[in-house]
Amino acid sequence: MDDIRHRDLSEIPESEMTLEERRELKRRFEEFVGLMRRPSVANSIGKPASKKATKRWDPSTMGKRN
């Protein structure tokens, strides 16, 4: 049997997955989420960390010219 870590699980409906395949899919998802939450990884994939302060929305300025 081939190694499940290298198997393509994208075409298998979840209802037809074995317990082992579901565990592997969950492991891959948790690994992905862990990588996306690290700022150094986010910067390396082209998503620069935002350093711009968020401007508070003020409804009283709506429609006024600057």
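Residues numbered from 1 in each chain as written. Predicted model: local features only at pLDDT ≥ 70, side-chain atom pairs only at ≥ 80, totals over all residues. Heavy atoms only, no water.

Participant: Please clarify how the overall build of the protein chain should be interpreted in this entry.
Facilitator: Along the backbone of the protein chain there are 2 helices and 0 strands. A burial count over the protein chain gives 12% of its 66 residues as buried. When the accessible area of the protein chain is evaluated, it comes to approximately 6,600 Å², of which 54% is carbon and sulfur surface. (Helix = DSSP H or I, 4+ residues; strand = E, 2+ residues; numbered from the N terminus. Buried < 20%, exposed > 50% of the residue type's maximum accessible area, 1.4 Å probe, protein only. Areas by Shrake-Rupley, 256 points an atom, 1.4 Å probe, with all protein chains shown as cover.)

Participant: Explain a nonpolar patch on the surface to me, please; I cannot follow it from the model alone.
Facilitator: Residues F29, F32, L35 and M36 make up a contiguous nonpolar surface patch of about 390 Å² in total accessible area. A relative accessible area of 33% means that L35 is categorised as partly exposed. (Patch = residues over 30% accessible without salt bridge, like charges linked within 9 Å, V, L, I, M, F, W, Y side chains within 5 Å. Salt bridge = Lys/Arg side-chain N within 4 Å of Asp/Glu carboxyl O.)

Participant: Looking at this model, I keep getting lost on the pattern of salt bridges. Mind explaining?
Facilitator: Two side chains that carry opposite charge are able to pair once their charged atoms sit near each other. Applying the stated criterion across every chain yields a total of 6 salt bridges. Between R5 and D3 there is a salt bridge; the shortest N-O distance is 2.8 Å. D3 sits in the partly exposed class, given a relative accessible area of 30%. Ionic pairing is found between R27 and E31, a salt bridge with its closest N-O pair at 3.1 Å. One end of the pair is R27 and the other is E31, both in helix α1 (residues 19–37) and 4 residues apart, which spans about a single turn. Using a relative accessible area of 37% as the deciding quantity, one classes R27 as partly exposed.

Participant: Is there a simple way to explain the side chain of E21 in this structure?
Facilitator: Within the secondary structure, E21 sits in helix α1. Residue classification places E21 among the buried positions, given a relative accessible area of 9%. A polar contact is formed between the side chain of E21 and the side chain of R7, at a distance of 3.1 Å. (Polar contact = N/O pair within 3.5 Å; in protein donor to acceptor, adjacent residues only side chain to side chain.)

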